[in-house]
Amino acid sequence: VELDLTITPELKKEGMLREIVRQLQQMRKEKQFTPKDIIFLQIEGDKELVDLILENKEKIKKQIKAKEIEWKKELKGAKTIEIDKKFLEVTVKKV
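The following paragraphs examine the structure supplied in this document. All values reported here derive from a predicted model rather than from experimental measurement.

1. Considerations on unusual backbone geometry
Working note: non-glycine residues mostly have negative phi, and peptide bonds are mostly trans.
Part 1 of the reasoning: Even without a glycine there, the phi angle at Q32 is positive, about 60 degrees.
Part 2 of the reasoning: Tracing the backbone through its elements, the reader meets Q32 in the loop between helix 1 (9-30) and strand 1 (39-45).
Part 3 of the reasoning: For Q32, a relative accessible area of 68% corresponds to the exposed category.
Part 4 of the reasoning: Located in the positive-phi region is K65, a residue other than glycine, with phi close to 55 degrees.
Part 5 of the reasoning: Mapped onto the fold, K65 is located in the loop between helix 3 (57-64) and strand 2 (66-71).
Part 6 of the reasoning: With a relative accessible area of 40%, K65 lands in the partly exposed category.

So this is what it looks like as structure tokens:
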């Protein structure tokens, strides 16, 4: 049996998306939100990451229990997330 170890653009995007969700879940935990808490997420940063989030907005909202995900310029008090040497600024607030 031979395995194809080629990382296609689709696989790379899926991996980046999973890492974004993982880090957002970690932010929820750091803020001591309960699993029932609904959040509001604002993002700013690398165009590729923002586009990836916005393209998968509904999927991410379900996974992190967000009411809304919004792109906003110049976020205040944001946390920086690094994914594949790209940066994303994120704020998470309880609704």
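Here the narrative resumes.
2. Brief notes about the sheet that holds strand 2
Part 1 of the reasoning: Pairing in this open sheet of 4 strands is mixed, and the strands run 2-1-4-3 from one edge to the other. Edge positions in the open sheet fall to strand 2 and strand 3 (79-83), since each of these has one partner strand only. Between one strand axis and the next, the sheet turns by 30 degrees as a mean value, whatever way the strands run.
Part 2 of the reasoning: Two elements, strand 1 and strand 2, share 5 bridges in a ladder whose sense is parallel. Considered in strand 2, the bridge of I43 is made with W71.
Part 3 of the reasoning: The strands touched by helix 3 within the sheet are strand 1 and strand 2, with strand 2 carrying the most contacts at an inclination of about 135 degrees.

Reading the values: the criteria
Residue numbering note: each chain is counted from 1, following its sequence as written. Given that this is a predicted model, residues contribute local features only at a pLDDT of at least 70 and side-chain atom pairs are listed and counted only at 80 or more, while totals for whole chains, interfaces and linings are drawn from all residues. Side-chain metrics in this entry use all non-hydrogen atoms of the structure; hydrogen atoms and water are not considered. A run of H or I in DSSP counts as a helix once it spans at least four residues, and a run of E counts as a strand once it spans at least two, with each numbered from the N terminus. With a 1.4 Å probe rolled over the protein chains alone, any residue whose accessible area is under 20% of its type maximum counts as buried; one over 50% counts as exposed, and the rest are partly exposed. A pair of strands is labelled paired if DSSP reports no fewer than 2 bridges between them. Where helices are involved, their axes are fitted lines through C-alpha atoms of the stretch in contact, as for all axes, and angles between N-to-C directions lie from 0 to 180°. Contacts are assigned to residue pairs that have any heavy atoms within 4.5 Å of one another.

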